[in-house]
Number of protein chains: 2
Amino acid sequence: MAKIDKINFSTPSGFTEYLPGEKRLEVYLLDIIRRVFESYGFTPIETPAVERLEVLQAKGNQGDNIIYGIEPILPPNRQAEKDRSGEAGSEARALKFDQTVPIAAYIARHLNELTFPFARYQMDMVFRGERAKDGRFRQFRQCDIDVIGRGKLSLLYDAQMSAIITEIFTAINIGDFVIRINNRKMLTGFFQSLGIAENQIKSCIGIIDNLEKIGVTKVKQELEKEGISPEQTQKIIDFIKITGDVDDILDKLKHLGESLAENSAFSLGLTELETVITGVRNLGVPAKHFAIDLSIARGLNYYTGTVYETTLLGHESLGSICSGGRYEELVGTFLDEKMPGVGISIGLTRLISRLLKAGILNQLSSSPAQVMVVNMQDNLMPIYLQVSQQLRQAGINVITNFDQRPLGKQFQLADKQGIPLCVIIGSEEAAAGKSSLKDLRTGEQVEVMLEDLAKEIKQIYG
Amino acid sequence: MAKIDKINFSTPSGFTEYLPGEKRLEVYLLDIIRRVFESYGFTPIETPAVERLEVLQAKGNQGDNIIYGIEPILPPNRQAEKDRSGEAGSEARALKFDQTVPIAAYIARHLNELTFPFARYQMDMVFRGERAKDGRFRQFRQCDIDVIGRGKLSLLYDAQMSAIITEIFTAINIGDFVIRINNRKMLTGFFQSLGIAENQIKSCIGIIDNLEKIGVTKVKQELEKEGISPEQTQKIIDFIKITGDVDDILDKLKHLGESLAENSAFSLGLTELETVITGVRNLGVPAKHFAIDLSIARGLNYYTGTVYETTLLGHESLGSICSGGRYEELVGTFLDEKMPGVGISIGLTRLISRLLKAGILNQLSSSPAQVMVVNMQDNLMPIYLQVSQQLRQAGINVITNFDQRPLGKQFQLADKQGIPLCVIIGSEEAAAGKSSLKDLRTGEQVEVMLEDLAKEIKQIYG
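(A) Layout of the pattern of salt bridges. According to the stated counting rule, one finds 49 salt bridges over all chains in the structure shown. With its nearest N and O atoms 2.8 Å apart, the salt bridge here joins Arg-141 of chain B to Glu-26 of chain B. In this pair, Arg-141 of chain B is assigned in strand β7 (residues 139–148) and Glu-26 of chain B in helix α1 (residues 20–39), connecting sequence segments 115 residues apart. Comparing Arg-141 of chain B with Glu-26 of chain B, the two get one shared label, buried. Put simply, Lys-23, Glu-26 and Arg-141 of chain A together with Glu-46 of chain B are held in one network by salt bridges that share partners.

Written out as structure tokens, the structure reads:
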């Protein structure tokens, strides 16, 4: 066939793809995440990649994001068609850029078919026209859970999120991590009690949210730029510097509450925080995995109560590896109903990219096979096929090598794909109902009766 | 909050989504399919949803499909920006409409990082501007496997495809099915030996491929319309009417081969078919699950050898539930290299839609939880949380009901989600370290010591 000249077959900028060993790592992580999500009763859904543009843009939903509109392209032989397969131009559509607008639309679409509190997970791809640098992707997978109530929603769901985060990152085994918990009502109440104007509070919260990035001095400067008085600024700095273990901080906050001007948001937020912390403890989350951090606010304006970030200790520069919080006004968008929710999100594509780069995770072997049945002689193929099927029925992943090549080449082929074991059956072994089982990692080779092969392999492979 | 008026929050036409019980069915099927794919050593990859338009359109790849181009849409507050985040208009991009172009591009992109024969699976979403009717979707999931070789590829890979199809549909348990196998070389050779012109052969193959849909009389008419002589037409009809068990047909084909004008394609195709059938038998595929069907051709022009269709017996109107074949010229598109491949594809979204509609499959329960720990008294919540965590650690999916409501309402809530078991712990039970375990399906209720609860539940559920 003729080579197609001048076609650039590389992926479009920002749209990356995995090699098999990387994809297998993603699948492995998705399995862990899914198992934990489901163990808490979260049920899977998936919303279409494409939504109506007016849905994605409702109420300023698009935010700062560049999103991708879609437009039908007729094939060359159908350019004359007018109706574009019913693809009326009036129905503008675009790729979803996150899961929050879609979940709001999903609930509006299926309100009477769902059971509330509705606890769902999604592990879908989302699309953003991000500048393709700084490890940002234009297509990436997010693993989200949210519980959504009608009218009200217990704070224990907030607590449960911490248990879920803890189980996931413990299972992934990437080292020590801390879930930093705060409460936006308490933050807001604190700013109110200082006499800071309502229209300044969100900016102030945004500024202290950057504490870790920019440091105390810069936070001070930015607050003063915002028109906050030096006295107020000092109080804010004192506030976000409240540190210690969870009980210390709760004590200090209670004292602070007494000294503050009467403020119901502050005390409500503090009570919420205490309830969440009690829940986290009752759920058995180890103390080392959670902390109160008064500078955590999550930039997103929709959070109204509990907020979380998760830091990988020793790798703080990675930023939060799992974040989320409580919101009130998000899901009811299309329904005129109060539907409070609490959720967390793992930006899996970005996380994998960073953990691979930092050497915290490694890609898996490129093949899921544990065993290669090598081909010593074409005429023994019926036996190779039969043995392969026996092993598969025992739950072992097997590649049968169909091409007769020098044995060393076949071992190489297995090794290159990370397949640890080779089953070798020559005519003598076949006649005796035996095989040689070679472990490519150690070079060891043992003789095994064919009927014992599955058991032996499971023992070796674990 | 104010309701957003006039926003149509329905999914865009042709972009459907699942309710939880449907999505859980899809996840269940994907797990089965994945397990079987991996047991044969197929490794997962995923290519981006978006490719360069020139890649999707190379060599007429777009075919008859309406595809979706993507265009960045700036947020309202960034309309003034010129660079559109580096989204140069010169780089036209579109959503992939199948997995064949992307796998060709993937192999071209990663040729030196992959091991050949390269056996991969993909279960990605693809996008087509189909007329949104007749159970067609504009976004749908395809489960594809292909093995791709460099230069050559053993016919045993073709045989293996039948074993994989058999295992998947046996595991899904949807009733009896038959994989109908044919060989395009043999078909082509047969038409050549009748003296039919090369430029007519593809049309002829297309016509007999419709035998099942249009019947013999119509096939005859269409062939004659194509300019095939009555004598040739009769020979074609006799040919596609060759039926019987696999050995009968192979015998008849051998006899036919002797009576035909010397034709190497016919005998090569027949030898290939025999080799594949022998492989299928050696792989232990039960005889009832495969047949030779000389009218199967697969419309797609790229198939060059073995072709498969899979029919669900008693539900022939569903059409083929898994199809595929051998091709030579597909994957090398971007590389000027001979890369023969063989693959099969399950159009999962369409299959689920049809199997649900036909009542062959049912959606699963809407919750993955097996157990609800009900809330009898808020003050016992620490015990409920602890018990829930114990059960989760034992591998049981648990919803803890945080809201104290009448017991009947809580049972209803569990039942509505298909959660079969409720754990009831009142103050007396708590004091005695006991619980009542209620099976909502039977109404039976037994007393179980808390430390035995996980074991008991696994016995009931497992």
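After that view of the structure, there is still more to cover.
(B) Broad picture of the relation of the copies chain A and chain B. Superposition of chain A onto chain B requires a rotation of 180 degrees combined with a translation of 0.0 Å along the rotation axis, giving an RMSD of 0.1 Å. What we have between these two chains is a two-fold relation. No C-alpha of chain A lies nearer the rotation axis than that of Ile-70 of chain A, which sits 2.3 Å from it. Most of the interface of chain A is mirrored in chain B: 100% of its interface residues are interface residues there too.

(C) Spatial organisation of the packing of helix α9 (residues 246–259) of chain A against helix α10 (residues 264–282) of chain A. Residues and elements named next belong to chain A. Relative to each other, α9 and α10 sit at 165 degrees, their axes nearing to 11 Å. Taken together, the axis directions place α9 and α10 in an arrangement best described as roughly antiparallel. Between α9 and α10 lies a crossing whose hand is left-handed. For the pair α9 and α10, the contacting residues are Val-246, Asp-247, Leu-250, Leu-253, Lys-254, Leu-256 and Gly-257 in the first and Phe-266, Leu-270, Leu-273, Glu-274, Ile-277 and Arg-281 in the second. Considered class by class, the residues forming the contact of α9 with α10 number eight nonpolar, one polar and four charged.

(D) View of the sheet that holds strand β17 (residues 445–449) of chain A. Residue and element names in this part refer to chain A. Taken together, the five strands give an open sheet; going across it, the order is β14-β13-β15-β16-β17, and neighbouring strands pair in mixed fashion. Among the strands making up the open sheet, the edge pair consists of β14 (398–400) and β17. Looking at each pair of strands side by side, their axes are set apart by 25 degrees on average, direction ignored. Note that strand β15 (residues 421–424) and strand β16 (residues 434–439) share four bridges and pair antiparallel. Paired with Leu-421 across the two strands is Asp-439, which belongs to β16. Sheet contacts for helix α12 (residues 381–393): β13 (371–373), β14 and β15; angle to β14, the most-contacted strand, approximately 170 degrees.

Rules used throughout
- For every chain, the first residue of the written sequence is number 1, and numbering continues from 1 along that sequence.
- In the order they appear in the text, chains get letters beginning with A and ligands get numbers beginning with 1.
- In keeping with the model being predicted, local features are shown solely for residues with a pLDDT of at least 70 and side-chain atom pairs are shown and tallied solely at 80 or more, while totals for entire chains, interfaces and linings include all residues.
- Excluding hydrogens and water, the side-chain figures rest on all heavy atoms present in the structure.
- A carboxyl oxygen of Asp or Glu within 4 Å of a side-chain nitrogen of Lys or Arg is what we treat as a salt bridge.
- For the purposes of this entry, the term helix denotes a DSSP run of H or I that reaches at least four residues, the term strand denotes a run of E that reaches at least two, and both are numbered from the N terminus.
- Three labels apply to residues, based on accessible area from a 1.4 Å probe with only protein chains included: buried if under 20% of the type maximum, exposed if over 50%, partly exposed otherwise in between.
- The atoms used to superpose the copies are C-alpha atoms, taken from residues with pLDDT of at least 70 in both, and the fit is least squares.
- Residues count as neighbours in contact if any of their non-hydrogen atoms are within 4.5 Å of one another.
- Fitted lines through C-alpha atoms serve as axes, helices being fitted only where they are in contact, and the angles separating the N-to-C directions of these axes extend from 0 to 180 degrees.
- Angle categories: roughly parallel below 35 degrees, roughly antiparallel above 145, roughly perpendicular from 65 to 115, and oblique for all the rest.
- Crossing chirality is assigned from the near helix's rotation relative to the far helix, an anticlockwise turn below a right angle marking it left-handed and a clockwise turn marking it right-handed.
- Residue polarity follows a fixed list, in which Ala, Val, Leu, Ile, Met, Phe, Trp, Tyr, Cys and Pro are nonpolar, Asp, Glu, Lys and Arg are charged, and the others, Gly among them, are polar.
- Here, any two strands with at least 2 DSSP bridges between them count as paired.

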